[in-house]
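Fold and contact review
The residues making up each chain are set out below.
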Amino acid sequence: MAEAPSEQEVNRRRKVDALRAAGIEPYQSRYGKTHTCAEALALFEDVEKREGPQARTEPVSVAGRLVSIRVMGKATFAHIQDGTGRLQLHVKVDAVGEAAYQRFVELDLGDFIGARGPLFRTKRGEITGEVHEFVLLAKALRPLPEKYHGLKDKELRYRQRYLDLVANPEVKDIFVTRSRIISEIRNFLAQRDFVEVETPVLQAIPGGGLARPFKTFHNALDMELYLRIALELHLKRLIVGGFERVYEIGHVFRNEGVDRWHTPEYTMLEVYQAYTDWEGMLELTESLVAHLAQVTVGGPSFTYQGEPIDASRPFRRLEMLDAVNQAVGEDLGRADVARLRDIARARKIDVDPGLGWGGLVNVLFEALVQPGLLQPTFVLGHPVEVSPLARRRADDPRLTDRFELYIARTEIANAFSEINDPIDQRGRFEDQARARAQGADESHPFDEDFLVALEHGFPPTGGMGLGIDRLTALLTDQHSNRDVILFPHLRAKDAEP
């Protein structure tokens with residue numbers, strides 16, 4: 001049920017009725033502005049350099065949201081805000097007439113207006129538009145939050161991002177930076193001859209990762225479909241088909257828990273390159289991250305949540321098994337499953353009952369090693385059990401040619417030498433199917449169509465996936481993925497916690 005309107009909302013609706021009764025339409029279809037606020041300010045500064053302190057420009061037309069107003073008898077100062085910044089306006093009775101002046105002072109904060117007139121600098125030094133005429137473009141029926149006492153509640157800011165952007169203009173800079181990061185990724189990959197493609201969001205088999213998918217139903221096809229959990233398997237099919245360098249930037253969906261770094265819908269970059277391996281992907285990943293740091297923060301060094309990060313190349317490399325061995329003080333390469341469970345139990349680390357040697361090594365890594373990975377670090381050599389699509393290491397078949405990049409204790413990228421042996425891949429899928437039958441519902445599903453594609457010949461290939469939300473949060477110094485997603489998913493407003 002909708003809430004009863006506040007007194008302010010009632011008054012604003014009355015003003016709409018009064019304007020229409022007077023023959024004034026409070027919702028216009030367009031306005032021919034000649035300058036943004038930033039362009040108007042730049043124009044005046046250019047004229048002032050030539051004409052000196054008494055400079056005035058030719059009339060300009062600007063438009064924006066009314067964000068402040070100070071009525072001073074027969075003159076009023078106000079500020080409008082558009083997508084480029086703010087501009088002060090000065091409205092006088094003798095410039096616009098008594099009736100128009102009265103309409104101006106009856107405007108409300110949040111209204112959109114257009115105004116025309118020359119620019120000058122006030123005695124207090126602020127560049128100002130002298131209003132000769134104005135028009136109400138859109139009446140705001142609800143009041144804006146007061147800047148300093150309004151939208152400070154994080155959840156409210158996420159729910160009403162449009163108000164967050166108005167009340168906290170600096171938030172817009174985060175999303176402008178995000179857009180720039182994505183543009184720079186595209187430019188970087190284009191220079192390396194990668195082709196951007198699009199693959200299905202709705203999939204019959206949600207593969208390419210270990211995750212629980214969202215399920216839906218297609219009525220016309222009479223079949224269950226899933227929202228994709230990764231971009232991987234369709235991009236690999238394109239490698240089979242002759243694309244040698246492909247990538248996609250797209251949303252993936254995982255029906256899992258929500259926390260600081262995990263959201264049900266997020267944005268991934270996935271890259272696949274034929275005739276290279278994990279080392280080629282490591283060079284690409286390191287170069288890309290260093291480039292993005294350069295263009296967004298001006299260099300390899302930045303601060304994240306009060307801690308200094310140095311993204312200078314080369315990044316540190318760390319073998320997963322060696323790191324876990326050091327953390328527990330023994331060689332786990334010689335340990336059996338029972339011993340690994342004892343080690344986890346002694347450290348009060350919860351483990352799923354179906355995990356084998358590789359899964360347990362990975363759990364110990366996440367609990368004991370990952371929390372210490374502040375600086376950019378490539379973690380190498382993940383177990384086969386948690387890497388169903390990565391190529392086995394030649395010198396240790398329990399491990400894979402895989403790496404993950406960690407920065408500020410969180411995974412930013414994941415890459416490996418892809419399996420191009422369809423027999424090995426079929427065996428991995430069969431292992432995952434057995435795990436799924438034993439209750440591991442995040443195990444990789446069996447995908448016969450993908451195996452058929454591999455059986456037609458798949459060249460040596462390296463692949464990499466990078467979390468755009470996480471990297472953007474790091475480079476903009478934001479605490480959570482939700483701070484860099486414009487409209488993050490939240491629990492229903494009236495739902496019980």
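Reading the values: the criteria
Residues numbered from 1 in each chain as written. Predicted model: local features only at pLDDT ≥ 70, side-chain atom pairs only at ≥ 80, totals over all residues. Heavy atoms only, no water. Salt bridge = Lys/Arg side-chain N within 4 Å of Asp/Glu carboxyl O. Buried < 20%, exposed > 50% of the residue type's maximum accessible area, 1.4 Å probe, protein only. Helix = DSSP H or I, 4+ residues; strand = E, 2+ residues; numbered from the N terminus. Pairing = 2+ DSSP bridges. Contact = heavy atoms within 4.5 Å. Core = buried A, V, L, I, M, F, W, Y, C linked by side-chain atoms within 4.5 Å. Patch = residues over 30% accessible without salt bridge, like charges linked within 9 Å, V, L, I, M, F, W, Y side chains within 5 Å. Areas by Shrake-Rupley, 256 points an atom, 1.4 Å probe, with all protein chains shown as cover.

**A short note on the pattern of salt bridges**
Following the criterion strictly, the structure yields 33 salt bridges and no others. Salt-bridge contacts for Glu25 lead to Arg20; the nearest nitrogen and oxygen are separated by 3.2 Å. We classify Glu25 as partly exposed; its relative accessible area is 33%. Between Asp424 and Arg428 there is a salt bridge whose closest N-O contact spans 3.3 Å. Highlighted residues: Asp424 and Arg428, both in helix H13 (residues 422-437), separated by four residues, approximately one helical turn. As far as the burial class goes, Asp424 and Arg428 line up, both buried. Put simply, Lys15, Asp108, Asp111 and Lys139 are held in one network by salt bridges that share partners.

**Let's talk about the pairing of strand E1 (residues 60-72)**
Here E1 pairs with strand E4 (residues 112-117) via six bridges, running antiparallel. Across the sheet, the residue bridging to Val62 is Ala115, located in E4.

**Let's talk about the environment of Ala78**
Residue position: Ala78 is located in strand E2 (residues 75-82). Between the C-alpha atoms of Ala78 and Glu256, which are 178 residues apart in sequence, the distance is 48 Å. With residues near it in sequence (within four places) discarded, Ala78 still touches Leu66, Ser68, Ile69, Leu87, Gln88, Leu89 and Phe104.

**Some details on the nonpolar core**
One recurring pattern in soluble globular proteins is that nonpolar side chains are buried together. By size, the foremost hydrophobic cluster in this structure holds 45 residues, and its most contacted members are Ile185, Leu189, Leu269, Met464 and Leu466. For Leu466, the contacting residues outside a window of four places in its chain are Thr267, Met268, Leu269, Leu288, Val289, Ile412, Ala413 and Leu471. Membership of the second largest hydrophobic core comes to 27 residues, among which are Val60, Ile80, Ala100 and Ala115.

**Here we look at the sheet that holds strand E9 (residues 202-203)**
Within a sheet, adjacent strands bond to each other through the backbone by hydrogen bonds, running parallel or antiparallel. The strand order E9-E11-E10 describes an open sheet built from three strands, whose pairing is antiparallel. What marks the edges here is a single partner per strand, and that holds for E9 and strand E10 (215-218). Bridge count for E9 against strand E11 (residues 223-227) is two bridges, and the pairing is antiparallel. Paired with Leu202 across the bridge in E11 is Leu227.

**Comments concerning the pairing of strand E14 (residues 301-304)**
Here E14 shows one buried face, formed by Phe302 and Tyr304, and one open face, formed by Ser301 and Thr303. Here E14 runs beside strand E15 (residues 307-310); their pairing, made up of four bridges, is antiparallel. Bridging across to E15, Thr303 finds its partner in Pro308. The hairpin turn running from E14 into E15, its antiparallel successor, is two residues long, and Gln305 in that turn takes a positive phi close to 50°.

**Observations regarding a nonpolar patch on the surface**
On the surface, Tyr162, Leu486 and Phe487 cluster together into a nonpolar patch covering about 340 Å² of accessible area. The topology assignment puts Leu486 in the segment after helix H15 (468-475).

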